[in-house]
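Coordinates in review
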Amino acid sequence: MVERAKVALVFALLALPVLAVEELKTPGEQVLDELRAALASGETGRAEALLTEAGELYAWPATKGERDRLFDALAAATRSDRPSIQCAALRALGATGAPKAAELVEPFLRDLKTDAGGEAATIAAIQAAGQIRDRSLVAPLVKLATKSNQLTAADQAFLALGEWSRDSDSARKQVIEKVLSAANSTRRNRSRWNRLRAPALRALQRLCGRKLNSYEMFLDWWKHAKTLRKPFS
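Residues numbered from 1 in each chain as written. Predicted model: local features only at pLDDT ≥ 70, side-chain atom pairs only at ≥ 80, totals over all residues. Heavy atoms only, no water.

**Section: the packing of helix α3 (residues 44–57) against helix α5 (residues 83–96)**
Where α3 meets α5, the axes come as close as 8 Å, and the angle between the chain directions of the two elements is 10 degrees. As the angle between them shows, α3 and α5 are arranged roughly parallel. Contacts between α3 and α5 pair Thr44, Ala47, Glu48, Leu51 and Gly55 from the former with Ser84, Ile85, Ala88, Ala89, Ala92, Ala95 and Thr96 from the latter. For the contact of α3 with α5, a count of residues per class yields seven nonpolar, four polar and one charged. (Axes fitted to C-alpha atoms, helices over the stretch in contact; angles between N-to-C directions. Helix = DSSP H or I, 4+ residues; strand = E, 2+ residues; numbered from the N terminus. Parallel < 35°, antiparallel > 145°, perpendicular 65-115°, else oblique. Contact = heavy atoms within 4.5 Å. Nonpolar A, V, L, I, M, F, W, Y, C, P; charged D, E, K, R; others polar.)

Shown next as structure tokens:
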């Protein structure tokens, strides 16, 4: 009995240095280490979960250097040949809200692919764009809303533009003008407008802060509101 206790104590003492090293890691360092291992071993599901964690930890880094490493890991994952990894990385970039993420997201809004994985990446990029809300992303979102043959992508592009309701008044004004123009362009194709009317009007409701339910009502309201000093009050 005494011998067993001694053996257990020895194993416990041997484990202490390992535990101490693990305890010294910050959450960001641990996630980055585990992400590298998951990507290297092909554990796609685990890697997707860790990318989500990395995106959340971006706001809580131990140091600026750690924040940069988290961002770089997300950027690298957007270049993965696994569509689900790309999507997870794009969603995580959106969660960071970092303006510099716009240049990584924007190519996915332009280079549209029709395969299932490519379409999923486009949707993830559109949703990320709505979270980042960088000015450079407005034009490609408007183009998707008005030109894309993937109507789900067009639908999501209108909704993403509605996220600018959380931005400054000056930014909202510019986006309202763009969305009104996009909606008017879409109305010229009756079947397309029937499909996209709801997300277009939902975007305008959020941007304008008004419970109106037709393009004409928003247009009339905006003609008056844009002359006011505080159109959203």
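That was the structure; now back to the text.
**Quick look at the side chain of Thr26**
Inspection of the secondary structure puts Thr26 in the loop between α1 (2–24) and α2 (27–41). Taking the relative accessible area as the measure of exposure, Thr26 reaches 19% and is therefore buried. In contact with Thr26, not counting residues within four places along its chain, are Ala62 and Glu66. (Buried < 20%, exposed > 50% of the residue type's maximum accessible area, 1.4 Å probe, protein only.)

**Notes on the packing of α5 against helix α6 (residues 102–110)**
Taken N-terminus to C-terminus, the directions of α5 and α6 make an angle of 130 degrees; their axes are 10 Å apart at the nearest point. Considered as vectors, α5 and α6 are oriented oblique to each other. Here α5 and α6 pass one another in a crossing that is left-handed. Within the contact between the two elements, α5 uses Gln86, Leu90 and Leu93 and α6 uses Leu104, Val105 and Phe108. When grouped by side-chain class, the residues that make up the contact of α5 with α6 number five nonpolar, one polar and no charged. (Left-handed = near helix turned anticlockwise from the far one by under 90°.)

**Side note on the side chain of Thr78**
Position of Thr78 relative to the elements: it lies in the loop between α4 (64–77) and α5. The class for Thr78 is buried, based on a relative accessible area of 6%. Polar side-chain contacts of Thr78 include one of 2.6 Å to the backbone oxygen of Ala75. Contacts of Thr78, omitting those with residues within four sequence positions, involve Gln86, Ala89, Leu90, Leu93 and Phe108. (Polar contact = N/O pair within 3.5 Å; in protein donor to acceptor, adjacent residues only side chain to side chain.)

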